[in-house]
Amino acid sequence: MARKESITREILLENAFDILRQEGWDGVTARKLASRIGCSTQPIFRLYTNMQELSGELFQMALHRFDSYYLAYPAESDVPFVNLGLAFIGFAASEPRLFRVLFLTSDRQGKQLYELLNGNTDAIKTELIRARNAGCKDPGDLFMKMWIFIHGAACMSITGDYDLDGVQTQKLLENAYRSFAQTSGV
C-alpha cells in the first residue's frame, strides 16, 4: 500500500505565507519552510518546480489579502479617494511586510501598481468615477496627486514615522483632496 503524502500544497502555502508575513521575501527559503513544517526540502520540490513557482502563489495570496482588507475596511468618508487612502495606510500599518511585497518592490509578478490597487475591486476606477461625479474635470490628475500623498503616508506608517490616528488621517486626506481638487478643475 502506498504511503499517504502528509505534506500538501495547502500546508506549504499556509506556512510559507506565515513566514512571508513575519519576515518578508528574504525569509521564505526552502530550508526555513522545511524546518518550520518539520520535513526535508524534498516535499517542497515534489509539489513545486522551484521556489519561484511558490513565490508566485504567495504573491497572489498577498494580493488577495490586500483586496480582502480593502473590501472589509469601513467606508468612513464621502470624499473621493479618502476610503482608499485609509485602507491603504491601514494595510501598511497592519501588514508591513506584505505591503512591502506588493507595493515597495519593482518585482510585482509583471503587474503595474495600478493593477495591484484595482485587484478584484476596481477600487481606483470607482474613486475616479466618484471624483468626476463630485465635479472634478480631471480625476486622473487628482488621483495622481492624492496617490503620492497616500503612498507617502503609508510608507511612513511602516517606518514608524506616521503617528496619526484614523480620525486625524481621514481629516488629513479630506483636506488634501480639497487642496488638490482646486488645481485639478473642481
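Residues numbered from 1 in each chain as written. Predicted model: local features only at pLDDT ≥ 70, side-chain atom pairs only at ≥ 80, totals over all residues. Heavy atoms only, no water.

A.B. asks: Would you mind going over the overall build of the chain in detail, with residue names and values included?
C.D. replies: Across its full length, the chain holds 10 helices and 0 strands. Reading the chain from its N terminus to its C terminus gives the helix and strand order α-α-α-α-α-α-α-α-α-α. Across its three principal axes, the chain shows a C-alpha extent of roughly 70 × 30 × 25 Å. Expressed as a percentage of its 186 residues, the buried residues of the chain come to 44%. A separation of at least 24 residues holds for 68% of the contacts in the chain among residues at least 6 apart in sequence. Of the accessible surface of the chain, which amounts to about 10,000 Å², a share of 51% is contributed by carbon and sulfur atoms. Put simply, the chain has 20 plus and 22 minus side-chain charges, and the middle of one group is 3 Å from the middle of the other. (Helix = DSSP H or I, 4+ residues; strand = E, 2+ residues; numbered from the N terminus. Buried < 20%, exposed > 50% of the residue type's maximum accessible area, 1.4 Å probe, protein only. Contact = heavy atoms within 4.5 Å. Areas by Shrake-Rupley, 256 points an atom, 1.4 Å probe, with all protein chains shown as cover. Lys, Arg positive; Asp, Glu negative; His and termini not counted. Charge placed at Lys NZ, Arg CZ, Asp CG, Glu CD.)

A.B. asks: Explain the environment of isoleucine 7 to me, and be specific about the residues and the numbers.
C.D. replies: Along the chain, isoleucine 7 falls in the segment before α1 (9-23). Overall, isoleucine 7 belongs to the buried group, its relative accessible area being 13%. Once residues lying within four places of it in the same chain are set aside, the contact partners of isoleucine 7 are Leu12, Ile37, Cys39, Pro43, Arg46 and Leu47.

A.B. asks: Go over the packing of aromatic side chains, please, and point to the residues and values.
C.D. replies: Considering all chains together, one arrives at 13 aromatic pairs under this definition. Considering the side-chain rings of phenylalanine 66 and phenylalanine 103, the 5.2 Å spacing of their centres and the 75 degrees angle between planes classify their relative orientation as edge-to-face. Here the residue phenylalanine 66 occupies a position in helix α4 (residues 51-72), and phenylalanine 103 occupies one in helix α6 (residues 96-103), the gap between them amounting to 37 residues. A residue is classified by how much of its surface remains accessible, and phenylalanine 66, at 0% relative accessible area, is buried. In this structure an aromatic cluster arises from ring pairing among Phe66, Tyr69, Tyr73, Phe81, Phe88, Phe91, Phe99, Phe103, Phe143, Trp147 and Tyr177. A cation over a ring is seen here: arginine 9 above tyrosine 48, with NZ or CZ 4.1 Å from the ring centre. (Phe/Tyr/Trp six-rings, centres within 6.5 Å; stacked < 30°, edge-to-face > 60°. Lys NZ or Arg CZ within 6 Å of the ring centre and 35° of its normal.)

A.B. asks: Explain the nonpolar core to me, and be specific about the residues and the numbers.
C.D. replies: Side chains of nonpolar character tend, in soluble globular proteins, to be buried together. Ranked by size, the top nonpolar core spans 58 residues in total, and within it Phe88, Phe103 and Leu117 carry the most contacts. Setting aside residues up to four positions removed in sequence, phenylalanine 88 forms contacts with Phe66, Phe99, Phe103, Leu117, Trp147, Ile150, His151 and Ala154. (Core = buried A, V, L, I, M, F, W, Y, C linked by side-chain atoms within 4.5 Å.)

A.B. asks: I'd love a proper account of the pattern of salt bridges, names of residues and values included.
C.D. replies: Counted under the stated rule, the structure contains 8 salt bridges. A salt bridge links arginine 9 to glutamate 53, with the nearest nitrogen and oxygen atoms 3.5 Å apart. Taken together, the residues span a long stretch of sequence, with arginine 9 in helix α1 and glutamate 53 in helix α4 at a distance of 44 residues. Given the relative accessible area of 30%, glutamate 53 is considered partly exposed. Arginine 130 is the partner of glutamate 127 in a salt bridge, and the nearest nitrogen-oxygen pair spans 3.0 Å. (Salt bridge = Lys/Arg side-chain N within 4 Å of Asp/Glu carboxyl O.)

A.B. asks: Can you lay out α4 for me, pointing to particular residues and giving the numbers?
C.D. replies: With 22 residues, α4 extends 31 Å between its outermost C-alpha atoms, agreeing within 8% with the 32 Å of an ideal straight helix rising 1.5 Å per residue. All buried positions along α4 are accounted for by Met51, Leu54, Ser55, Gly56, Leu58, Phe59, Ala62, Leu63, Phe66, Asp67 and Tyr70. Between the side-chain oxygen at the start of α4 and the backbone nitrogen of glutamine 52 there is a gap of 3.1 Å, and the oxygen is on asparagine 50. (Expected span 1.5 Å × (residues − 1). Polar contact = N/O pair within 3.5 Å; in protein donor to acceptor, adjacent residues only side chain to side chain.)

A.B. asks: Can you tell me about the side chain of histidine 151, naming the residues and giving the values?
C.D. replies: Structurally, histidine 151 can be placed in helix α9 (residues 139-159). Among residues more than four places away in sequence, those in contact with histidine 151 are Phe88, Phe99, Phe103 and Leu104.

A.B. asks: Which residues make up the environment of leucine 84, and what values go with them?
C.D. replies: Looking at the element boundaries, leucine 84 is found in helix α5 (residues 82-94). In this structure the C-alpha to C-alpha distance between leucine 84 and leucine 71, which are 13 residues apart in sequence, comes to 9.7 Å.

A.B. asks: Which residues make up the packing of α5 against α9, and what are the values?
C.D. replies: With their axes 8 Å apart at the nearest point, α5 and α9 run at an angle of 25 degrees to one another. In terms of axis orientation, α5 runs roughly parallel to α9. As for the relative orientation of α5 and α9, their crossing is right-handed in sense. Across the interface between the two elements, Leu84, Gly85, Phe88, Ile89, Ala92 and Ala93 of α5 pack against Phe143, Trp147, Ile150, His151, Ala153, Ala154, Ser157 and Ile158 of α9. (Axes fitted to C-alpha atoms, helices over the stretch in contact; angles between N-to-C directions. Parallel < 35°, antiparallel > 145°, perpendicular 65-115°, else oblique. Left-handed = near helix turned anticlockwise from the far one by under 90°.)

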